[in-house]
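# Inside the fold
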There are 2 protein chains.
Amino acid sequence: MVFYANVCIFASEMTTITDIAKALGITPSTVSRALAGNPRVKEETRLAVKKKAEEMGYEPNVVASNLRKGQSRIVGIIIPRIHREFFSNVIGGAESVLNRAGYNVLICQTLENYEAEVKALKTLKNYRVAGVLLSHSISSTSGKHVKEILGSTPLVQFDRVFPDLPGAKIVGANCEGAYKATMHLIESGYKRIGALAGYMTSQAYVERLAGYRMALEASGFPYDNSIVYYNTIVRETGYQAALKAIEAGCDALYSSGAFSALGAVDAFLEKGFKGANDFGLVATSNESFTGLMSPSLSTLNQHPFEMGEAAARAFLEGRTDTQVIPMELIIRQSSNKNNKWLK
Amino acid sequence: MVFYANVCIFASEMTTITDIAKALGITPSTVSRALAGNPRVKEETRLAVKKKAEEMGYEPNVVASNLRKGQSRIVGIIIPRIHREFFSNVIGGAESVLNRAGYNVLICQTLENYEAEVKALKTLKNYRVAGVLLSHSISSTSGKHVKEILGSTPLVQFDRVFPDLPGAKIVGANCEGAYKATMHLIESGYKRIGALAGYMTSQAYVERLAGYRMALEASGFPYDNSIVYYNTIVRETGYQAALKAIEAGCDALYSSGAFSALGAVDAFLEKGFKGANDFGLVATSNESFTGLMSPSLSTLNQHPFEMGEAAARAFLEGRTDTQVIPMELIIRQSSNKNNKWLK
DNA sequence: CAAAAAAATCCAAACGTTTGCACAAATTCT
DNA sequence: AGAATTTGTGCAAACGTTTGGATTTTTTTG
């Protein structure tokens, strides 16, 4: 690659298609077509153009190209927070699929804030992105703003979806997963199983609670709302809720989140419980720490990377259906009633 | 917000500045100035324009704006992988600072692949991004390609930096951190301290190794290259290296990474070690699992979120110096020689 | 060898903004 | 009242591409 001093110093002085055209004594349109591989340009000139472009260090201006073509190769992803392991994995999966298809990824985090979500949607619309992959913030209760802002921009929702919004959705098998987790606790012999239920503003948590309830009722256990703890999502709230659950006589908990489960472990270690013989726990979301901590947590693996891949593919293929990503029950120490945690 | 049917159905039929101008019987230039808050337009018309814009659901086309202005409000971030906790935290920090300053973030992951890095750099250049935040892939050995492709585009390097490249750099206090970690092991009474050194193609790892060596030599220990294990970065290679270290008679390890330390724990649990009395370990990178696993790992916290913030600020302020983010030694069970891990 | 067909290139407009300069209208100053 | 200034708008070009249709050049055909 030849490197021109002026190109190096001033970004504004980059070689354009017109520069190449002038250098070859032809018109910009031919250069454009040559570079695009249009069959209407002679092999000979195509080669000459490509050679000259290389020589002059030409790099296409995709901004201009996008403007003219009225479309961009950017996909926007809106998520609550990037550094949540679940979301960073989703992004990882989505990015690799999209990148292979020639798209790039613009990231916006809402930090669970409705206003930030609105702003992010507007920003992406203003960039005229090719599509949006969205997992809404916990403080958004309906998809009205999404439809209003996005209009016709293709939308794929994942994990946290608004049921009132049409279009592609990628969701975990929340109900089924929670059912399996709760059933596992029941089959392990636990007698009074509470739930850390999360926020009911999110469909995902509603479904998990439903699965928990179904498992109880299918096994002849009563559904007792007094041992269902809402709005638990972080370690501290999980801890507080678990303390109450212990007082209420629970011997196991199904947690809709991973961090709340961490708080639950804090609570029952504090209360002197020693192993899964005393207290059972299954958490949703197989964050990496769950398998490494002590006691290791039984979890539902949501396959976030695959979810990201599926979301990206749904966008690429223009799908509008709902795909359910299975949740895999991973049994570890925290629900293994037959053995103690600590050998 | 009034919602026009056509706007909703066809993305191409969005209201433009010209539409507003026509609706008000004025010219696009005035509308543009009005929306930009240019003082040369009358208060009255400014209000009329803003009202009409709102009414018609106008959203600016930033692609056109960027083209005309020759600059964009996008910052590109290139990282090896998004779903590494360290990097997702850096991105989280950078995104929040940049977002507040009106910038958006385009993410590219290289997956430690040189070609992908080159492609990412070109893509970002083609988007004429305002700047690039880069942590290079492990397979890139010099910054030549970066300079060649990026030209005058502002560059901030973080964590893994090319020393041969000018401009802003945000690095961890690698040498100092490794020194502190090793010194802590020495002071705790360990006698033969090996190192899981990582890749010497990366400046960060070179510096860590240097810090390790300095601590040894400052304490009268010999630096013994036969118990320094290179290219350890994932769990498996850490495990293999730790097995060798055990055979070589080591009673402690300083690990330049967190995942390799995980492998080291595997190795010495397998070999029947029971606590820090037997084997000491300090890892770099305070990934969340390190504090939750058993034994919990003593680590060096690199403050990735703050590093991301610093990188973003360095870009915003046009800095060209090198900033060092201190590493904090967090002492946990794995190096606490006075107490057993398991109570 | 002219006419028709095919191939290659050119022209000019468009994408939606922004902005220097010109111009007109309103205001202020001699 | 006329000149000088200020204030508000309009005009038109520009940013770097792409693309439909016109035009030229080359090739094929009768």
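The rules we used
- Position labels on residues start from 1 in each chain and follow its written sequence.
- Whichever chain is written first becomes A and whichever ligand is written first becomes 1, with later ones labelled in order.
- Two thresholds apply to this predicted model, a pLDDT of at least 70 for residue-level local features and 80 or more for giving and counting side-chain atom pairs, whereas whole-chain, interface and lining totals are computed over all residues.
- Side-chain figures throughout are based on the complete set of non-hydrogen atoms in the structure, without hydrogens or water.
- Least-squares superposition aligns the copies on the C-alpha atoms of those residues with pLDDT at or above 70 in both.
- Contacts between residues were defined by any pair of non-hydrogen atoms, one from each residue, lying within 4.5 Å.
- Here, the term nonpolar core denotes a set of buried Ala, Val, Leu, Ile, Met, Phe, Trp, Tyr and Cys residues that are joined through side-chain atoms within 4.5 Å.
- The cut-offs for exposure are 20% and 50% of the maximum accessible area for each residue type, with area from a 1.4 Å probe on protein chains only; residues under the lower value are buried, those over the upper are exposed, and the others partly exposed.
- The term buried area refers to how much accessible surface (probe radius 1.4 Å) is lost by two components on association, counted for both of them together.
- By definition here, a salt bridge exists when the distance from a side-chain nitrogen of Lys or Arg to a carboxyl oxygen of Asp or Glu is within 4 Å.
- A run of H or I in DSSP becomes a helix once it reaches four residues, and a run of E becomes a strand once it reaches two; helices and strands are each numbered from the N terminus.
- Strands are treated as partners if at least two bridges between them are detected by DSSP.

### Some thoughts on the relation of the copies chain A and chain B
Placing chain A over chain B gives an RMSD of 0.1 Å and needs a rotation angle of 180°, together with 0.1 Å of translation along the axis. Such a combination of rotation and displacement between the chain copies is what one expects of a two-fold axis. Minimal C-alpha separation from the rotation axis in chain A is found for M293 of chain A, amounting to 1.8 Å. In this assembly the copies share their binding face: 100% of the residues contributing to the interface of chain A also contribute to that of chain B.

### Overview of the nonpolar core
Counting residues in hydrophobic clusters, the biggest one holds 96 residues, and the most contacted among them are Y212 of chain A together with Y212 of chain B. Non-local contacts of Y212 of chain A, meaning those with residues more than four positions away in its chain, are made with A178, Y179, T182, I193, G194, A195, Y223, I227, V228 and Y254 of chain A. Ranked by size, the runner-up nonpolar core spans 54 residues in total, among them I91 and A312 of chain A together with I91 and F158 of chain B.

### Brief notes about the interface of chain A and chain B
Residue-level contacts link 51 residues of chain A with 51 residues of chain B. Between chain A and chain B, roughly 4700 Å² of surface is buried when both sides are summed, and carbon and sulfur atoms account for 60% of that area. It is Y127, R128 and L292 of chain A that lose the most area in chain A upon contact with chain B, and together they represent 14% of the buried surface on that side. At the boundary of chain A with chain B, the tally comes to 0 salt bridges.

### Topic: the pairing of strand β9 (residues 280-284) of chain A
Residue and element names in this part refer to chain A. By the criterion of burial, β9 is predominantly enclosed, with 5 of the 5 residues buried. Both faces of β9 are covered, namely the face carrying G280, V282 and T284 and the face carrying L281 and A283. One ladder, built from 4 bridges, connects strand β8 (residues 252-255) with β9; its direction is parallel. Bridge pairing links L253 to L281 in β9.

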